[in-house]
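Reading the structure
The primary structure of each chain is shown beneath.
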Amino acid sequence: METAMATQAQPATPAGSKSPPPPAPAGRSRSHRTAVPWWFVLPALAFFAFAVLVPSARGAVYSFTDWDGLARSFDFVGLEQYRALFADENARAALGHTLLIAFAVTIVQNVVGLLLALGVNTQIKSRNVLRVFFFAPAVITPVVTAYLWKYLYSPEGAVNAALDALGLGFLGQNWLGDSDIALWSVVAVIVWQFAGYSMVIFLAGLQSIPKEIYEASDMDGAGPVRRFWHIVRPMLAPALTINLMLSLVGGLKLFDQVWVMTQGGPGGATDTLSTVIYQEAFQFNAFAYSTAMAVVLTLFVIVLSGIQYGYLGRQEKRNS
């Protein structure tokens, strides 16, 4: 009886037609779809491992040796290179310069980039021309930028000439030859080149804010400062996180501009960890020592960027 009732309950199908096959298990279909893209990623991962991971691992191993970069044999010396590093006054000074440049560039570049973004995010007719003008230095290679400013900063260069033309000749300086201002002259070049890059990221964040929010703030009588602090600033948190991360990491790894303009001079006043690493490896053949410095620089980048990302991530969640 139960079998007959179950047979009657099934829907009738036309004669000669086949019933549709049962659907495939959902889990099997999803696993099949997600397993295929890994085959496309493997070549890129293999190249990344060959070009980056393996050399980095071998370099970390060499930092525990006395290899000079040329000899076929070397001895393991443990932490001797790291002890020498932290006892080296020049290395400590270079570390201080690196941190000073990184934090100065991070703060000034993002403040200038934000002001530029706010300025061009208006209805002025020349806004598109100004955006291109401010962003243009970012597409110039750092080496070309450094050579350009090395000429402009020279005692007979355009910077001092412009000050003379404005009647401010007493402000003229040997911008890259004075140990008191050489480091800040380099920082000014970095800010000049990459402030437009930060501007573009901030501008994208500003343009993603709905216009209705601005209209509602106007109806509530909020002024420009109050509107920026309570509306624009929280909604710019993702753009701020990206800009701060990029500028901090770029400042810690800075090499091209410093090497071309000053080569760490005068008297080591603009030495950074990157320039000292280059000098120790390729001028003094202290390859293991320079590799230890590179490991320390890498750890600084990882730790500082991790702290910054964690803090800014919490701020984003708090503002959302």
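Now for a quick tour of the structure. (Residues numbered from 1 in each chain as written. Predicted model: local features only at pLDDT ≥ 70, side-chain atom pairs only at ≥ 80, totals over all residues. Heavy atoms only, no water.)

**Structural notes on the overall build of the protein chain**
When helices and strands are counted, the protein chain shows 15 helices and 0 strands. When the 320 residues of the protein chain are sorted by exposure, 33% land in the buried category. Taking all contacts inside the protein chain whose residues are at least 6 apart in sequence as the whole, residues at least 24 apart take part in 66%. Roughly 20,200 Å² of accessible area belongs to the protein chain as shown, and the carbon and sulfur atoms make up 67% of that amount. (Helix = DSSP H or I, 4+ residues; strand = E, 2+ residues; numbered from the N terminus. Buried < 20%, exposed > 50% of the residue type's maximum accessible area, 1.4 Å probe, protein only. Contact = heavy atoms within 4.5 Å. Areas by Shrake-Rupley, 256 points an atom, 1.4 Å probe, with all protein chains shown as cover.)

**A short note on the packing of aromatic side chains**
This model, assessed by the stated rule, comprises 16 aromatic pairs. Between Phe 255 and Trp 259 the ring centres are 5.9 Å apart and the planes differ by 15°, which places this aromatic pair in the stacked class. Judged by relative accessible area, which is 15%, Trp 259 ranks as buried. Seen in terms of ring centroids, Tyr 278 and Phe 282 are 5.2 Å apart; in terms of plane orientation they differ by 45°. Their pairing is tilted. You can see Tyr 278 and its partner Phe 282 sitting in helix H14 (residues 273-282), 4 residues apart, about one turn around the helix. Chaining the aromatic ring pairs together yields one cluster made of Tyr 62, Trp 67, Phe 74, Phe 76 and Phe 287. When the ring centre of Trp 229 is taken as reference, the NZ or CZ atom of Arg 233 above it lies at 4.0 Å. (Phe/Tyr/Trp six-rings, centres within 6.5 Å; stacked < 30°, edge-to-face > 60°. Lys NZ or Arg CZ within 6 Å of the ring centre and 35° of its normal.)

**Remarks on the environment of Arg 83**
For Arg 83, the position within the fold is in helix H4 (residues 80-87). In the structure, Arg 83 is positioned 209 residues away from Ala 292 in sequence and 9.9 Å away in space, judged by C-alpha atoms.

**Side note on the nonpolar core**
Ile 101, Trp 149, Tyr 153, Val 186, Val 187, Leu 254 and Met 261 are the most contacted members of the largest nonpolar core, which has 21 residues in total. Where this core is concerned, the elements lending two or more residues are helix H5 (89-120), helix H7 (142-153), helix H9 (182-207) and helix H13 (256-261). Top element by residues in this core is H9. It accounts for 7 residues. Once you skip the residues sitting within four places of it in the chain, Val 186 turns out to touch Leu 254, Val 258, Met 261 and Thr 262. Listed in part, the 17 residues of the second largest apolar core include Ala 102, Ile 277, Met 293 and Leu 297. (Core = buried A, V, L, I, M, F, W, Y, C linked by side-chain atoms within 4.5 Å.)

**Points about the pattern of salt bridges**
For the structure on display, the rule yields 1 salt bridge. The closest approach of N and O atoms between Glu 80 and Arg 83, which form a salt bridge, is 3.2 Å. Remark: Arg 83 and Glu 80 occur in helix H4; sequence separation between them is 3 residues, near one turn of the helix. Since its relative accessible area comes to 41%, Glu 80 is described here as partly exposed. You can call Arg 83 exposed: its relative accessible area is 52%. (Salt bridge = Lys/Arg side-chain N within 4 Å of Asp/Glu carboxyl O.)

**Regarding H7**
When the terminal C-alpha atoms of H7 are compared, their 16 Å separation across 12 residues agrees well with the 16 Å that a helix rising 1.5 Å per residue should span. Within H7, burial applies to Thr 145, Ala 146, Trp 149, Leu 152 and Tyr 153. Along H7, the residues classed as buried sweep out an arc of 125° about the axis, all on the same side. Turned more than 90 degrees from where H7 packs its buried face, Tyr 147 and Tyr 151 sit exposed. (Expected span 1.5 Å × (residues − 1). Arc of directions from axis to C-beta.)

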